[in-house]
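Spelled out, the chains give:
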Amino acid sequence: MDVSSVSEGAGLRAASRNDFSALGRIMRREGLLDRRYGYYAVKISLTLLAFAGGCAAFVLLGDSWWQLVTAVFFAVMFAQVAFLGHDAGHNQVFRTGRANDRAGYAFGGIVGMSYGWWMGKHTRHHANPNHEGDDPDIDIPLLAFTRGQTVHKSGFVRWTSKHQAALFFPLLLLEGLSLHWAGIQAVWRGQVKTRWLEAALLSAHVVVYLGAVFVVLSPPVALAFIAVHQGLWGVYMGCSFAPGHKGMPTYTDKTELDFLRKQVLSSRNVQGRRWVDFTLGGLNHQIEHHLFPSMPRANLRRAQPLVRAFCAEHGIDYAQCGLLKTYHYVLQHLHEVSAPLRAAGAPAR
């Protein structure tokens, strides 16, 4: 074994750790890791007030096809509440983990998602973003995000992966139902810490949601309402998640990167004004969020130029583009990855 190589590797790892420590000191000095209690008090209050207003409008409007407009509204509100649950899961809202978890369970109950299931999945994603085999966000049966994943596709999922660029947005219509079902499965199998609490919350959501829809609306309108609401909520959630990592480099067990570079090189920011922050729940600042998950959403915009300058100074690629451009990159990546499946004579498994 070359002792000089070992010594050099240790020195690089130490330097990498020092890089992130230096960036963290900048964030702390600027107060960007401090809690934003006032911001979240206003944000949560206005979100829940708007949600309650939508519920009142739903009841007052009654059995009418105009309820499809309220279905669109609730698709947006479900996403906004889910974003609050995301913030709570990262301990952005309150000082203690217990208080954040309580808020997370409440927000999950409102939208019908298992907070415990999501926390487990999302924690693994943050630990190894775009890491093949370790990141559950690139382990989706109907799609292939790496060439290696295409090898194991067969039958119907081989067909969906083969045409995944064209099917990506239509498949997002099922994302909302997928989030519900994955949470229900996790609770049923006892894969969450607070099984009975989550079972009660998910059951209450199903009873209240379906009860309200079928009591207020006639069956045809009710079914149309559910289809529009759940479909558009899924599209909204998928369109919020995809820009952050899809189309960025993926890694395997043979790839060794320090924390700073692993998070930055696998993430992409979406440029835009504050309306983009609102629409994407702060996930447009994906790089800063992955580096400092507990940083309050309201501080990410201020952190962005500091992180970008730091990356430029240290020769680290920093990806950022407009919203439409990032969807172009996502679809382009999906199309390129599935090329082997479209090749003439590609054997079916």
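Residues numbered from 1 in each chain as written. Predicted model: local features only at pLDDT ≥ 70, side-chain atom pairs only at ≥ 80, totals over all residues. Heavy atoms only, no water.

Caption draft 1: The confidence of the model for the chain, seen in detail. Considering every residue of the chain, the mean pLDDT works out to 92; 93% of them sit at 70 or more. Low pLDDT (under 50) marks residues 1–13, which in the prediction has one contact with non-local residues, meaning those over four places away or in another chain. (pLDDT = per-residue confidence, 0-100. Contact = heavy atoms within 4.5 Å.)

Caption draft 2: A look at the UniProt feature "transmembrane region" (unreviewed entry) in the chain. Mapped onto the present numbering, the UniProt feature "transmembrane region" (unreviewed entry) falls at residues 37–59, 65–83, 103–120, 165–184 and 196–217. As a span, residues 165–184 carries 90% helix and 0% strand, and end to end its C-alpha atoms are 29 Å apart. (UniProt positions renumbered as here; feature names shortened; annotations may be inferred. Helix = DSSP H or I, 4+ residues; strand = E, 2+ residues; numbered from the N terminus.)

Caption draft 3: Quick peek at the pattern of salt bridges. This structure, assessed with the given rule, holds six salt bridges. Between Asp 19 and Arg 261 there is a salt bridge, with its nearest N and O atoms 3.1 Å apart. Here Asp 19 is found in helix α1 (residues 3–29), whereas its partner Arg 261 is found in helix α12 (residues 259–265), with 242 residues between them in sequence. Note on accessibility: Asp 19 and Arg 261 belong to one class, buried. The partner of Glu 30 in a salt bridge is Arg 29, with the nearest N and O atoms 3.9 Å apart. Classification of Arg 29 as exposed rests on a relative accessible area of 62%. A network of salt bridges, in which partner residues are shared, links Asp 19, Asp 258 and Arg 261. (Salt bridge = Lys/Arg side-chain N within 4 Å of Asp/Glu carboxyl O. Buried < 20%, exposed > 50% of the residue type's maximum accessible area, 1.4 Å probe, protein only.)

Caption draft 4: The packing of helix α9 (residues 175–188) against helix α10 (residues 195–216), seen in detail. Interhelical geometry of α9 versus α10 gives an angle of 140° and a closest axis separation of 9 Å. Of the two elements, α9 crosses α10, and the hand of that crossing is left-handed. Facing His 180, Gly 183, Ile 184, Val 187 and Trp 188 of α9, the residues of α10 in contact are Arg 195, Glu 198, Ala 199, Leu 202 and His 205. Residues that form the contact of α9 with α10 fall into these classes: five nonpolar, three polar and two charged. (Axes fitted to C-alpha atoms, helices over the stretch in contact; angles between N-to-C directions. Left-handed = near helix turned anticlockwise from the far one by under 90°. Nonpolar A, V, L, I, M, F, W, Y, C, P; charged D, E, K, R; others polar.)

Caption draft 5: How the structure looks around the packing of aromatic side chains. Considering all chains together, one arrives at 14 aromatic pairs under this definition. Considering the side-chain rings of Phe 51 and Phe 74, the 5.5 Å spacing of their centres and the 70° angle between planes classify their relative orientation as edge-to-face. Taken as a pair, Phe 51 in helix α2 (residues 37–61) and Phe 74 in helix α3 (residues 67–89) lie far apart in primary sequence, 23 residues in all. The pair formed by Phe 51 and Phe 74 is uniform in burial state, with each residue classed as buried. Stacked on the ring of Trp 196, the Lys or Arg Arg 195 has its end atom at 5.5 Å from the ring centre. Seen from the ring of Phe 145, Lys 246 lies directly overhead, with NZ or CZ sitting 5.3 Å from the centre. (Phe/Tyr/Trp six-rings, centres within 6.5 Å; stacked < 30°, edge-to-face > 60°. Lys NZ or Arg CZ within 6 Å of the ring centre and 35° of its normal.)

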